[in-house]
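Report on the structure
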Amino acid sequence: MNLPSDPIMLMSVVNTQLRDKYSSLDELALQHDMNKCEIEEKLNAVGFTYDEELNQFRRR
């Protein structure tokens, strides 16, 4: 999966995948050979954090 470089678009794509297909960020990253920490860092930098209970990135 090609991830967008724009952090807002990245958040949208990742949250859609988490909602529709994956039960966790770990599972999404594993299935698409992505670096989970890199995704979290990019989204944390613009004020989003991953909420495991909701399985989505949200504003802090």
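Let me sum up the structure you'll find in this document. Quick caveat, the model's predicted, so the values are computed rather than measured. Numbers given to residues run from 1 along each chain, matching the order in which its sequence is written. Totals for whole chains, interfaces and linings use all residues, but because this is a predicted model, local features are given only for residues with pLDDT of at least 70 and pairs of side-chain atoms are given and counted only at 80 or more. No hydrogens and no water enter the side-chain calculation; it runs on all heavy atoms of the structure.

Let us now look at the overall build of the chain. A tally of regular secondary structure across the chain gives 3 helices and 2 strands. Secondary structure elements in the chain, listed N-terminal to C-terminal, are α-α-α-β-β. Overall size of the chain, expressed as C-alpha extent along the three principal axes, is 25 × 25 × 20 Å. In what follows, a contact means two residues having at least one pair of non-hydrogen atoms within 4.5 Å. The contacts of the chain with a sequence gap of at least 6 include a subset with a gap of at least 24, amounting to 40%. Total accessible area computed for the chain in this model is approximately 4,100 Å², and 44% of it derives from carbon and sulfur atoms. Numbered from the N terminus, helices here are DSSP runs of H or I no shorter than four residues, and strands are runs of E no shorter than two. In these tables, accessible area is a Shrake-Rupley quantity obtained with a 1.4 Å probe, and a residue counts as shielded only by the protein chains included in the view.

Okay, the pairing of strand β1 (residues 48–51) next. Buried, partly exposed and exposed residues are distinguished by accessible area as a fraction of the type maximum, computed with a 1.4 Å probe on protein chains only: under 20%, between the cut-offs, and over 50%, respectively. On β1, burial follows the alternation: F48 and Y50 on one face are buried, whereas T49 and D51 on the facing-out side are not. In this structure, β1 lies alongside strand β2 (residues 56–59), joined through 4 bridges in antiparallel fashion. Of the residues in β2, the one forming a bridge with Y50 is F57. Between the end of β1 and the start of β2, which pair antiparallel, lie 4 residues, with N55 showing a positive phi angle near 55°. Whether two strands pair depends on DSSP finding at least two bridges between them.

So, about helix α1 (residues 7–20). Take the number of residues in a helix, subtract one, and multiply by 1.5 Å to get its expected span. Along its 14 residues, α1 runs 20 Å from first to last C-alpha, staying within 8% of the 20 Å computed at 1.5 Å per residue. Regarding α1, the residues found buried are L10, M11, V14, N15, Q17 and L18. Here the buried residues of α1 occupy an arc of 160° about the axis, which is enough to place them on one side. Exposed and oriented more than 90 degrees from the buried face of α1 are R19 and D20. Its buried side turned inward, α1 meets α2 (25–31), α3 (36–44), β1 and β2. Nitrogen and oxygen atoms within 3.5 Å of one another constitute a polar contact, given that in protein one can donate a hydrogen and the other can accept it, and given that sequence-neighbouring residues count only through two side-chain atoms. With a side-chain oxygen positioned 3.2 Å from the backbone nitrogen of I8, the residue opening α1 is D6. It is the directions from the helix axis to the C-beta atoms that the arc portrays.

The values are spatial; any link to function lies outside them.
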